[in-house]
Amino acid sequence: MNELPIIVISPLVAGFLAWLLRIRGVREIIGVAGSLIPLALLIKLYPSLGERLEFTINVAGFKLGLMLSHLTWVFSMIAAVVGFTAILGMISTARDNWEWLFALMSLTGVLGVFMAYDLITFFIAWEIMTFASFMMVLKYNRHASLKYFILSIVGAYAMLIAIGLIYAKTGTLTFPEVSVAFTQDAMRRMMGGSGLFTKTETMLIYGLFLLAFGVKAGMFPLHVWAPDAYSETNQSYTAMFSGVLSKAGVYGFILLYILMYGKLVVEFGHFRSAPTFGYIIAFLGGLTIIVGGILAALQEDIRKLFAYSSISQIGYILVGLGVGTALSIEAAIYHAISHALFKGLFFLIVATLIYRTGKTEFKDFGGLAEKMPYTFAMAFIAILSLAGIPPLVGFASKWLIFEAVIHENLPILGGMVFFGSAIGFVYLIRFTYAVWFGQRPSDLEGTKDAPLPLAIAMGILGALNVVFGVAPGIVAQELNKIFDKPVIAGNIWELDLGFGRYNGLLLTIWMVIGVLIAAIVYFLGANVRRVPVTDTYQSGNPITMEYNLTIRRNFFLPLREVMAFWLKISFDRLYHDIWKSIEDFAETARNYVYNGNVQAYAWYLAIILVILAAMGV
Amino acid sequence: MNQVASLLIALPLISAFFVPVLKQINKSLIKPYLVLITLIQTGIAGWVFKEVYTTGKPIIIYAGGWRPPIGINLYIGHFAALFVLIIAVVSFIMAIFSLKAVTTEPIDKYAMLFLLLMLGATGMIATGDIFNLFVFMEITAITAYALTAYNKTGEAAEASMKYIVLGGIGSSFFLVGVALLYGATGTLNMAQLAELANSINPIVAQVGLALIIFGLAVEAELFPLNAWAPDAYQAAPHPITAMFSAFVVKAGIYALARLLYLLQKASGWSSILRLLVIMATLTVVFAELSALRQKDVKRMIAYSSIGQVGLIALAFSLGTQAGVDAGVFHMVNHAIVKTLLFLAIGYVGIAMGGTTMENFEGLGKKMPLTALAITVAGAATVGVPLFNVFWSKLRIILATLQAGFFWAAVLVLFASVVEAVYYFRLIHRMWFMGGGIRIKEGVIAGILVILAAIIILIGVDPAPVWNIVVKAGSDIFNVANYVKNVPLVGVGS
Amino acid sequence: MISAYYFGAIALILIGLYAVLVKKNLLKILVGLSIMETGVNLLLISIGYVSGKSAPILSEGITPSQAVDPIPQALVLTAIVIGVATTAMALSVAIILYEKYGTLNIEEIRRLRG
């Protein structure tokens, strides 16, 4: 199918053209066209998904390929849709030509990752994606971008070593053949023989892949790059960065299942009702939920709050993936979709806020619901979705994950997931009140509503949030096709798991009825009383400037004080210290070895001669 | 018609000694003369390249008409043809660059030494006789010593002295190795040495091979014998540094690889290989680590060049066909990238008056084309896909893992991470720190953009270059073919 | 087969190497380098030596089978010339060094480092 390479390459070509032609109007049109083509082609190819859609090319001795199956189609659609809306948003917020080039390059990379047919294409697309997103961050903050790049590169090279080991042992690189090789290996081990890969090698490959995909997905403890990288870049781009690129890590974990499931289960067995290797992923995912959520609550900067929230939500997906049943994996992919949708929407809203007001911290915001009603409506949808309130898509996916985890009898994971939901509500309340309600600072009196491109982009994502929430079956039926059996039964309005049911349409109807009743009551006679605005949060403490806690400033300072001990453990500082010591070691070694004295150099030669002599004799 | 290939050696030699005559006629003609000669050399090399690759047979030239092993023969196979072309093209670009970059007197000596350097490297690659290799190696080395000291500053003299001492020791031991091999086999012809390799007394073979490899390793900048290299690269004139990095060290690596594979039947071969793997890996690690906190950009890129050369040496010391192919590919890519980098840095050096970090701040605004070229080359060296080095690095890592050297692969990738850090710090400094007004960039910027375009072109479509490289790789690895191609006359010993 | 000549040659090489490694004065180091190259030349000639035979110069009464191996002699001639060139180059660089640094002590000629 010749459309596959066009889907992958067109954003890059468009970005390159947009960068070359620096004319203001033309580059936007080219850029948007570049992100629209993949979307259009993917939609066009949907009916023919039953047949295998493949494209292979021989490049310099490697057989590179692209493939479109149900699974890859779902992920590619996430990339295409959210990518398209992010590029639309960039029309308003992008300032330099190269931002178009790199944003579109990362879209190419991520589409390539999803549609890869063999390990080399996967790796190439992964690196393109990392490099492009790194360049987007480089201008704003060198430290954050280097941290991101180094961690990502360490992960990517870990993956390269794993790929090299697989290639050395099995001699093949395409996904079907590698999968077959591993399954055969698992069979051999089950029969008592020794396979191609020993237990240590399997553990090594698993660990390397875990490192690679964990860094990209933002899994604890490899998440340290995400808050800085997500906040220190063009916020419309972060919609794609956080919404789509992190899903590449998620897709990587699913790939781990596809390629190595049998082998890993045979080598490492089960833990409770989940495979051991999956339980590790799920447990780390649970830790991610907790760490991300608590840190999100403690932030004063909107961008950082949503960055940590992103990390926390990916934790949900990882828990779902780790549990390992068909239902939980479907729930995880469902949450990936809904996270992309509501997180993308959130970052576009943040981009609008920053674009219109220029402020980024909670203490500078307030009362914007009046001035930016459209944006507020979108924010309201996004907030409900993330909090998991029906009838929005966030509820459907969260509910599925809860059901899947409980069904498998995993109390610890279940506890972590519930905790995550609660803490999500905690930081969302902050965002809801501090930005949209309450007193408005005087310099925000003139803020206008969202510019048109951002408004369209937000509208698309908002509409999808609502549609998939009211009719969750649409997504569920697509996901069922991946597994080829009705894991989630029911029609398009209803999700039926056998032990639980959620009917979107019914709930919506009831909610609308309820809102109508409340509206009638309000208009008929509810009394409104104006109250002066006072500080509400003191609980008996004397009011001092440092301890003047309002929802806009230091709201969760008590929480920070309670968690002070745990907050001292910082993986960020650990990685920073490791790197610092490597640099210091490098400098000492260099000054010692290349010390400028010719005689020392001559002694090196003499030492090598002695070694050669010792070897010969 | 094949005899035209002997012009590759004769032309630079004759033209070098014609320079003093030219000086008497008109001093300002010397630099354009240099450009002309390198252009002609490029033409001949291109013709030779086309000949060898379309007919698939190597060009063999008998010096003086004597058949080998009585006489000395030149063997221009696939690998030699490819590299002679690269040498000629790089020399041509550097000759153009010298028009502006080299102003220290005496310029006529510079032109002579330049041509002799080119000659020496070409000879090292094209020869088929081991003592001839020694002679050309010494020509290259002595002209390199002189060119390093050309600027006549204290630092240049110091760098040159280090090079002389270490190079002198290296070549002396190389000669000892040659002596031992000659004593054991009675021949100096490479093809005949390959044939007789397994009949040599094992100890003599091992010691001889080890000493030869030792001598070449000094020229090829392997750890810890490369300590002269950062200083020499830093102190030499800018075009000369580019030539060092692009082909002088490559000629050394080529000779190392050629002799290593020719003598593979000698005993103790695998332990030499293992030692080379260790040395090469250490070269990469120490060079990349040393580049981290450099204050002078030229020295930083010099360390980067040494690191990449270590990578090439690693690929050659694996002992497999895949490794050799990957190594040759990396040689080609590295030559292009480092030519670009040193050309750009030299250009910044003469435009901004120095090559320290401060001179590079705000380069994106002052000299955007140059900064763009440096960005492309930097991203390429790190190994980002869509650039050429990605393919060769990928192949080297895969070949290393296939050969079973797990820790070498891990260390090399670690060095790659370190490389990313300092290149991206430089890129950040160029584009996002400081500012300035736009300076007019001339022909050099045009060359830089063309080289950058080639880098991206090979990165996106490596297939044509890869096909050439595979043929060149089998030229080195497939020794039986080499021996078959050389018509040895049977001689009584 | 290990004759005295080999020992002598190797001894010269080691003496030269010792001088390079230990002596502090730059000129002594260069002399050591030169001694080392002399030792290598001696080694080369010794390899071609066959006891009882004469110099490989075609003249009355000397046939090829009565001469020592001529090839090492040719190699050594070349090597001597190369050695001369290297030594000349090294000495001229040493002159510049003395001019710029004021000293020939190898430990003080260390501006390029790190």
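Residues numbered from 1 in each chain as written. Chains lettered and ligands numbered in written order. Predicted model: local features only at pLDDT ≥ 70, side-chain atom pairs only at ≥ 80, totals over all residues. Heavy atoms only, no water.

**Q** Looking at this structure, I do not really get the overall build of chain A. What am I missing?
**A** What chain A contains, in helices and strands, is 23 helices and six strands. Here chain A has a C-alpha radius of gyration of 26 Å; the compact-globule value for 617 residues is 25 Å, and the two agree. Projected onto its principal axes, the C-alpha positions of chain A cover 105 × 65 × 55 Å. Out of the 617 residues belonging to chain A, those deemed buried represent 62%. Accessible surface, chain A: about 23400 Å² in total, of which carbon and sulfur atoms supply 67%. Charge-centre separation for chain A: the mean point of 41 positive side chains lies 3 Å from the mean point of 37 negative side chains. (Helix = DSSP H or I, 4+ residues; strand = E, 2+ residues; numbered from the N terminus. Rg over C-alpha atoms; globule rule 2.2 N^0.38 Å. Buried < 20%, exposed > 50% of the residue type's maximum accessible area, 1.4 Å probe, protein only. Areas by Shrake-Rupley, 256 points an atom, 1.4 Å probe, with all protein chains shown as cover. Lys, Arg positive; Asp, Glu negative; His and termini not counted. Charge placed at Lys NZ, Arg CZ, Asp CG, Glu CD.)

**Q** I tried to follow the overall build of chain B on my own but got confused; where do I start?
**A** Tallying secondary structure elements over chain B gives 20 helices and two strands in all. Its C-alpha radius of gyration of 21 Å places chain B within 12% of the 23 Å reference for a compact globule of 493 residues. With the principal axes as the frame, chain B shows a C-alpha extent of 75 × 60 × 45 Å. Counting every position in chain B, which comprises 493 residues, the buried fraction comes to 70%. Sequence-distant contacts in chain B: of pairs separated by 6 or more residues, those separated by 24 or more amount to 81%. Of the roughly 13800 Å² of accessible surface on chain B, 67% is carried by carbon and sulfur atoms. (Contact = heavy atoms within 4.5 Å.)

**Q** Looking at this structure, I do not really get the side chain of Thr508 of chain A. What am I missing?
**A** Residues and elements named next belong to chain A. Tracing the backbone shows Thr508 in helix H19 (residues 504–525). Classification of Thr508 as buried rests on a relative accessible area of 17%. In this view, Thr508 contacts Pro391 and Val470; residues no more than four positions away in its chain are not counted.

**Q** Explain the packing of helix H15 (residues 368–382) of chain B against helix H17 (residues 406–432) of chain B here, please?
**A** Residues and elements named next belong to chain B. Running from amino to carboxyl end, H15 crosses H17 at an angle of 165°, the nearest separation of the two axes being 9 Å. By the criterion of interaxial angle, the relationship of H15 to H17 is roughly antiparallel. Viewed along their axes, H15 and H17 form a crossing whose handedness is left-handed. Each of Pro368, Ala371, Leu372, Ile374, Thr375, Gly378, Thr381 and Val382 in H15 lies in contact with H17, whose residues at this interface are Ser416, Glu419, Ala420, Tyr423, Phe424, Leu426, Ile427, Met430 and Trp431. Of the residues in the contact of H15 with H17, the class split is twelve nonpolar, four polar and one charged. (Axes fitted to C-alpha atoms, helices over the stretch in contact; angles between N-to-C directions. Parallel < 35°, antiparallel > 145°, perpendicular 65-115°, else oblique. Left-handed = near helix turned anticlockwise from the far one by under 90°. Nonpolar A, V, L, I, M, F, W, Y, C, P; charged D, E, K, R; others polar.)

**Q** What is the right way to look at the interface of chain B and chain C in this model?
**A** Taken together, the contact between chain B and chain C spans 37 residues of the former and 37 residues of the latter. Summing both sides of the interface, chain B and chain C together bury roughly 3000 Å²; the carbon and sulfur share of this comes to 80%. Its largest share of buried area at the contact with chain C, chain B owes to Glu158, Met161 and Tyr182 of chain B, together 20% of the area lost on that side. Taken together, the connections running from chain B to chain C amount to one salt bridge. In this structure, Arg111 of chain C engages Glu155 of chain B in a salt bridge whose closest nitrogen and oxygen atoms are separated by 3.4 Å. (Buried area = accessible area lost by both parts, 1.4 Å probe. Salt bridge = Lys/Arg side-chain N within 4 Å of Asp/Glu carboxyl O.)

**Q** It is not clear to me how the pattern of salt bridges should be interpreted in this structure. Could you clarify?
**A** Opposite charge on two side chains allows them to pair when their charged atoms are near. Within this structure, the stated rule accounts for 28 salt bridges over all chains. Arg430 of chain A serves as the salt-bridge partner of Glu300 of chain A, at 3.2 Å between the closest nitrogen and oxygen. Highlighted residues: Glu300 of chain A in the loop between helix H11 (276–297) and helix H12 (302–323) and Arg430 of chain A in helix H16 (residues 411–436), separated in sequence by 130 residues. If you follow the salt bridges from partner to partner, you end up with Glu583, Asp584 and Glu587 of chain A together with Arg293 and Arg425 of chain B in one network.

**Q** Looking at this structure, how should I read the pairing of strand E1 (residues 53–59) of chain A?
**A** In the case of a regular strand, side chains alternate between the two sheet surfaces. All names here are of chain A. Of the strand pairs in this sheet, E1 and strand E2 (residues 62–68) are connected by seven bridges, and their pairing is antiparallel. Each residue of the ladder has a partner; that of Leu53, found in E2, is Leu68. Hairpin remark: E1 followed by E2, antiparallel, with two residues in the connecting loop; positive phi at Ala60, about 50°. (Pairing = 2+ DSSP bridges.)

**Q** When you look at helix H13 (residues 321–352) of chain B in this model, what are you seeing that I'm missing?
**A** Every α-helix carries 3.6 residues per turn, so stepping three or four residues along brings you back to the same face. For H13 of chain B, which comprises 32 residues, the first-to-last C-alpha distance of 46 Å matches the rise-based estimate of 46 Å (1.5 Å per residue) to within 8%. Backbone geometry just downstream of H13 of chain B places Gly353 of chain B in the positive-phi region, at approximately 85°. (Expected span 1.5 Å × (residues − 1).)

**Q** For this particular structure, what's the right way to read the interface of chain A and chain B?
**A** Accessible area lost upon the coming together of the parts serves often as the stated size of an interface. Contacts between the two partners involve 55 residues from chain A and, on the opposite side, 63 residues from chain B. When the two sides are added together, the surface that chain A and chain B hide from each other amounts to roughly 5500 Å², 81% of it contributed by carbon and sulfur. The tally of links between chain A and chain B comes to four salt bridges. Here Glu587 of chain A makes a salt bridge to Arg293 of chain B, at a shortest N to O gap of 2.5 Å. Counting across the interface, chain A meets chain B through nine residue pairs in polar contact (both at pLDDT 80 or more). For the side of chain A that touches chain B, the secondary structure elements donating two or more residues are helix H1 (3–20), E2, helix H5 (119–138), helix H6 (142–170), helix H22 (571–593) and helix H23 (598–616) of chain A. Here the side of chain A that touches chain B takes 13 residues from H6 of chain A, the largest share from any one element. (Polar contact = N/O pair within 3.5 Å; in protein donor to acceptor, adjacent residues only side chain to side chain.)

**Q** Looking at this model, I keep getting lost on the packing of aromatic side chains. Mind explaining?
**A** Aromatic ring pairs are reported here in terms of the distance separating the ring centres and the angle at which the planes meet. According to the stated counting rule, one finds 72 aromatic pairs over all chains in the structure shown. Look at Phe329 of chain B and Trp466 of chain B: their rings are 5.4 Å apart centre to centre, the planes differ by 55°, and that puts the pair in the tilted class. One end of the pair, Phe329 of chain B, is in helix H13; the other, Trp466 of chain B, is in helix H19 (residues 463–477), and 137 residues separate them in sequence. Like Trp466 of chain B, Phe329 of chain B is buried. Taken together, the aromatic side chains of Phe75, Phe114, Phe122, Trp126, Phe175, Phe209, Phe213, Tyr251 and Phe253 of chain A make up a single cluster linked through ring pairs. Lying over the aromatic face of Phe197 of chain A, Lys169 of chain A brings its terminal NZ or CZ to 5.7 Å of the ring centre. Above the ring of Trp126 of chain A, the side-chain terminus of Lys216 of chain A is found at 5.9 Å from the ring centroid. (Phe/Tyr/Trp six-rings, centres within 6.5 Å; stacked < 30°, edge-to-face > 60°. Lys NZ or Arg CZ within 6 Å of the ring centre and 35° of its normal.)

**Q** Mind showing me how you'd approach unusual backbone geometry here?
**A** Leaving glycine aside, a negative phi is the common case for residues, and trans is the common case for peptide bonds. Cis peptide bonds are those with omega within 30 degrees of zero, and the linkage from Phe220 of chain A to Pro221 of chain A qualifies with -5°. Structurally, Pro221 of chain A can be placed in the loop between helix H8 (199–217) and helix H9 (225–231). Following Phe223 of chain B, the chain continues into Pro224 of chain B via a peptide bond in cis, with omega recorded as -10°. Here Pro224 of chain B shows up in the loop between helix H8 (202–219) and helix H9 (228–235). Although it is not a glycine, Lys152 of chain B adopts a positive phi angle of roughly 55°. Mapped onto the secondary structure, Lys152 of chain B falls in the loop between helix H5 (130–148) and helix H6 (154–185). Although it is not a glycine, Glu221 of chain B adopts a positive phi angle of roughly 60°. By secondary structure assignment, the location of Glu221 of chain B is in the loop between H8 and H9. Overall, the relative accessible area of 2% leaves Glu221 of chain B in the buried class.

**Q** Would you explain the nonpolar core in this entry?
**A** Side chains of a nonpolar character, in soluble globular proteins, are inclined to be buried together. Core analysis: the largest hydrophobic core is formed by 495 residues, its most contacted members being Phe431 and Trp436 of chain A. Excluding residues within four positions of it along the chain, Phe431 of chain A makes contact with Ile302, Phe306, Phe346, Ile349, Leu353, Phe362, Ile383 and Trp436 of chain A. (Core = buried A, V, L, I, M, F, W, Y, C linked by side-chain atoms within 4.5 Å.)

**Q** I keep staring at the confidence of the model for chain B and nothing clicks. Help me out?
**A** Caution is warranted with low-pLDDT regions, since their predicted coordinates should not be read in detail. Of the residues in chain B, 99% have a pLDDT of 70 or more, and the chain-wide mean is 90. Model confidence for the complex: the whole-complex pTM is 0.91, and ipTM, which rates the interface, is 0.93. (pLDDT = per-residue confidence, 0-100.)

**Q** Quick question: what am I supposed to make of a nonpolar patch on the surface here?
**A** Residue and element names in this part refer to chain A. Among the surface-exposed residues, Ile9, Val13, Phe16, Leu17, Leu20, Leu21, Ile23 and Val26 lie close enough to one another that they form a single nonpolar patch of about 660 Å² accessible area. Looking at the nonpolar patch, the element that brings in the most residues is H1, giving five residues. Examined against the element boundaries, Leu17 turns out to sit in helix H1. (Patch = residues over 30% accessible without salt bridge, like charges linked within 9 Å, V, L, I, M, F, W, Y side chains within 5 Å.)

**Q** Is there a simple way to explain the side chain of Ser231 of chain A in this structure?
**A** Along the chain, Ser231 of chain A turns up in helix H9. Setting aside chain neighbours within four positions, we find Ser231 of chain A in contact with Arg303 and Lys304 of chain A.

**Q** Which parts of the structure should I look at to understand the environment of Tyr33 of chain B?
**A** All names here are of chain B. Relative to the elements of secondary structure, Tyr33 occurs in helix H2 (residues 30–55). For Tyr33, a relative accessible area of 12% puts it in the buried group. For the pair Tyr33 and Gln264, spaced 231 residues apart in sequence, the C-alpha separation works out to 44 Å. There is a polar contact of 3.1 Å between the side chain of Tyr33 and the backbone oxygen of Ser15.

**Q** It is not clear to me how H5 of chain B should be interpreted in this structure. Could you clarify?
**A** Residues and elements named next belong to chain B. Its 19 residues give H5 an end-to-end C-alpha distance of 26 Å, which sits within 8% of 27 Å, the value for a rise of 1.5 Å per residue. Judged by how many residues are buried, H5 sits mostly within the fold: 17 of 19 residues are covered. The opening residue of H5 is Asp129, an N-cap whose side-chain oxygen sits 2.8 Å from the backbone nitrogen of Phe131.

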